[in-house]
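Structural features, examined
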Amino acid sequence: MGSAVQKSALLLCGDYMEAYETLVPLYVLQSFGVSVHCVSPNRIAGDRCVMAAHDFSGLELYTELVVDQLTLNANFDDVTPENYDVIIIPGGRFTEILSADEKCVDLVARFAESNKLIFTSCHSQVMLMAAGIFAGGVKCTAFESMKPLIELSGGEWWQQPGIQSMFDITDCVKDGNFVSMVGWPTLGHGIKVLLDSLGAKISNSKKNQISVLVLIGDFVEDYGINVPFRALQGLGCRVDAVTPNKKKGEMCATLVYDLEEGRQLPEEKRGHNFFVTASWDDVCVDDYDCVVVPGGRSPELLVMNEKAVALVKKFAEKDKVFAAIGQGKLLLAATGVLKGKRCASGKGMKVMVKVAGGEAVESKGCLTDGKLVTAASASDLPEFLSDLTTALGVSVMF
């Protein structure tokens, strides 16, 4: 977004890192021009790390689901802390192994010694323990099972007051140059703190708070809902996610697409659960500046629902901003929004865009045509976030 200062981040990775806690900060920072190097010990650029989704499925403890993989873009042995403004360590089981790796522990300690920002989540605070950082009484939060270890390490445990479950938690903790989160439910606030700590200046040309409505259903694409939802929250927007047949607090299943070599199409895997944040009957088009339709299979559900189609048509009548990712263009096609518009599209959506009167552009991952912002797939989310925030009148400068 034309920032005057180039910021750089280091993302410390490993097998079974939490996917949501990895991709939200990665895509958000990339969307606003921050250079992010993804590294893992004993691996080089081009190698891949397995990611997992941690969520509760009716049992006493969270379940781990293997979802997809992240391709590293830098070499661990080439890392120099002085070249970065922040190190981000997602949660996940990989931190148990890395906390016993002397090179990784030394790397984290060098970031701390240089007063660089360290961003941790869920279980990755174990890296701070291994580096001896808690000995000075650093205030910290984490997944609650980490509490005794944080206190034994000399840290000060903090928990948001008045919560009934992990999903009620909204706040993270910043103590000096250390930022800690309980886990992915707090990423909206976490992204805000991360951007603020990096010196981001967020401005809104419309002055009033921007409101965004996201239309979802069961089997919505995981990153397509979660990344924009948390990113826009972190930028100070009001964001509601609704579905026609469920009320506020009810759950929608999500999916992740994992493309393995040699296959024509990606494998569909179950992702994180997503809880609807508003009830359908409470939605008023005049309260929102934009409607977003993520991909996955949920657009098939929405396009068969008269209430969903009618709502999108009302947004069109009010000349609002529209945005769609991947298969999300199906709902916009059914409501006439794509007619005469250029749309970023993969091969799978080419015919759909064409019969809706639009022009499918396969050479672009993301396109803006008037008040329509489209992304070909979830892998294009960094550019999508950049274009969407521009369309909404939000700018982020460093």
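Residues numbered from 1 in each chain as written. Predicted model: local features only at pLDDT ≥ 70, side-chain atom pairs only at ≥ 80, totals over all residues. Heavy atoms only, no water.

**Observations regarding the overall build of the chain**
Rules: Runs of H or I in DSSP of at least four residues are treated as helices and runs of E of at least two as strands, each being numbered from the N terminus. To get the radius of gyration, use the C-alpha atoms; to get the globule rule, take the number of residues to the power 0.38 and multiply by 2.2 Å. Contacts between residues were defined by any pair of non-hydrogen atoms, one from each residue, lying within 4.5 Å. Positive residues here are Lys and Arg, negative ones are Asp and Glu, while His and the chain termini are left out of the count. We put the charge of a Lys on NZ, of an Arg on CZ, of an Asp on CG and of a Glu on CD.
Helix and strand counts for the chain come out as 12 helices and 24 strands. Here the C-alpha radius of gyration of the chain, 21 Å, is about what a compact globule of 398 residues would show, namely 21 Å. The principal-axis extent of the C-alpha atoms belonging to the chain is close to 60 × 45 × 40 Å. Taking the contacts inside the chain whose residues are at least 6 apart along the sequence as the reference set, 70% of them involve residues at least 24 apart. Mean positive and mean negative side-chain charge positions of the chain (37 and 49 charges, respectively) differ by 8 Å.

**Remarks on the sheet that holds strand E4 (residues 48–55)**
Quick note on the threshold: When DSSP locates at least two bridges between a pair of strands, those strands are taken to pair.
Read across the sheet, 3 strands follow the order E2-E4-E5 without closing on themselves; strand pairing throughout is mixed. Here the strands that pair on one side only, and so sit at the sheet edges, are strand E2 (17–18) and strand E5 (63–71). By the bridge criterion, 7 bridges tie E4 to E5 in an arrangement that is antiparallel. Counterpart to Cys49 in the pairing with E5 is Leu70.

**Topic: the packing of helix H1 (residues 19–31) against helix H7 (residues 222–234)**
Quick reminder of the rule: To get an axis, fit a line to the C-alpha atoms, keeping to the stretch in contact for a helix; angles then go from 0 to 180 degrees between the N-to-C directions. Note that the term roughly parallel is reserved for angles under 35 degrees, roughly antiparallel for angles over 145, roughly perpendicular for angles of 65 to 115, and oblique for everything else. Crossing handedness is read from the near helix: turned anticlockwise from the far helix by less than a right angle, it gives a left-handed crossing, and turned clockwise, a right-handed one. Gly is placed with the polar residues, together with every amino acid not listed as nonpolar (Ala, Val, Leu, Ile, Met, Phe, Trp, Tyr, Cys and Pro) or charged (Asp, Glu, Lys and Arg).
Axis separation between H1 and H7 bottoms out at 10 Å; the angle between their running directions is 55°. The orientation of H1 relative to H7 falls into the category oblique. The interaxial crossing formed by H1 with H7 has right-handed handedness. Taken together, the residues of H7 that come into contact with H1 (itself represented by Ala19, Tyr20, Leu23, Val24, Tyr27 and Val28) are Tyr223, Asn226, Val227, Arg230 and Ala231. A per-class count over the contact of H1 with H7 returns 9 nonpolar, 1 polar and 1 charged.

**Details of the pairing of strand E15 (residues 238–242)**
Heads up, the condition is: Classification of residues uses two cut-offs on accessible area relative to the type maximum, computed with a 1.4 Å probe and protein chains only: under 20% is buried, over 50% is exposed, and between them is partly exposed.
Across the 5 residues of E15, 4 count as buried, placing the element largely inside the fold. Sheet topology places strand E13 (residues 211–215) next to E15; 5 bridges connect them, and they run parallel. Counterpart to Leu215 in the pairing with E15 is Val242.

**Digging into the nonpolar core**
The criterion, for reference: Nonpolar cores are built from buried Ala, Val, Leu, Ile, Met, Phe, Trp, Tyr and Cys residues. Side-chain atoms within 4.5 Å join them into one set. Domain extents, as shown, originate in an automatic or database domain assignment.
Tyr223 and Phe384 are the most contacted members of the largest nonpolar core, which totals 103 residues. When residues of this core are sorted by domain, at least three fall in each of domain 1 (8–199) and domain 2 (206–397). Once residues lying within four places of it in the same chain are set aside, the contact partners of Tyr223 are Ala19, Leu23, Met51, Val67, Asp68, Pro228, Val256, Ala378 and Leu381. Core analysis: the next-biggest nonpolar cluster, separate from the first, contains 27 residues, Leu215, Phe315, Leu332 and Ala356 among them.

**As for the packing of aromatic side chains**
Heads up, the condition is: Note on aromatic pairs: the rings of Phe, Tyr and Trp (six-membered ring only in Trp) are paired at centre separations within 6.5 Å, and the planes decide the class, stacked below 30 degrees, edge-to-face beyond 60, tilted for the rest.
Per the stated rule, a full pass over the model turns up 4 aromatic pairs. For the pair Phe56 and Tyr62, a centre-to-centre distance of 6.4 Å together with 85° between the ring planes defines the contact as edge-to-face. Note on Phe229 and Phe274: the rings are 5.2 Å apart at their centroids and 85° apart in plane angle, and the pair reads as edge-to-face. You can see Phe229 sitting in helix H7 and its partner Phe274 sitting in strand E17 (residues 267–275), a full 45 residues away along the chain.

**Re helix H9 (residues 306–317)**
We count it as follows: Multiplying 1.5 Å by the helix residue count minus one yields the expected span of that helix. The directions from the helix axis to the C-beta atoms are what the arc is built from.
Helix length check: H9 (12 residues) gives 16 Å between terminal C-alpha atoms against 16 Å at 1.5 Å per residue, within 8%. Within H9, the full set of buried residues consists of Ala308, Val309, Leu311, Val312 and Phe315. Along the long axis of H9, the arc covered by the buried residues comes to 160°, so they all point the same way. Exposed side of H9, more than 90 degrees from the buried face: Glu306 and Glu317 are the residues found there.

**Brief notes about the domain arrangement of the chain**
Our working rule: Reported buried area values correspond to the accessible surface (1.4 Å probe) lost by two parts on association, with both partners' losses combined. We define a salt bridge as a contact between a side-chain nitrogen of Lys or Arg and a carboxyl oxygen of Asp or Glu at a distance within 4 Å. Here a polar contact is taken to be a pair of N or O atoms separated by no more than 3.5 Å, where protein atoms must pair a possible hydrogen donor with a possible acceptor and residues adjacent in sequence count only if both atoms sit in side chains.
As assigned here, the chain comprises domain 1 (8–199) and domain 2 (206–397). Distance between the C-alpha centres of domain 1 and domain 2: 28 Å. Together, Tyr20, Tyr27 and Phe32 form the three largest contributors to the area buried by domain 1 at its contact with domain 2, with a combined 28%. Counting every contact that joins domain 1 to domain 2 gives 0 salt bridges. The tally of links between domain 1 and domain 2 comes to 7 residue pairs in polar contact (both at pLDDT 80 or more). If you list the elements that add at least two residues to the side of domain 1 that touches domain 2, you get H1, E4, E5 and helix H6 (187–197).

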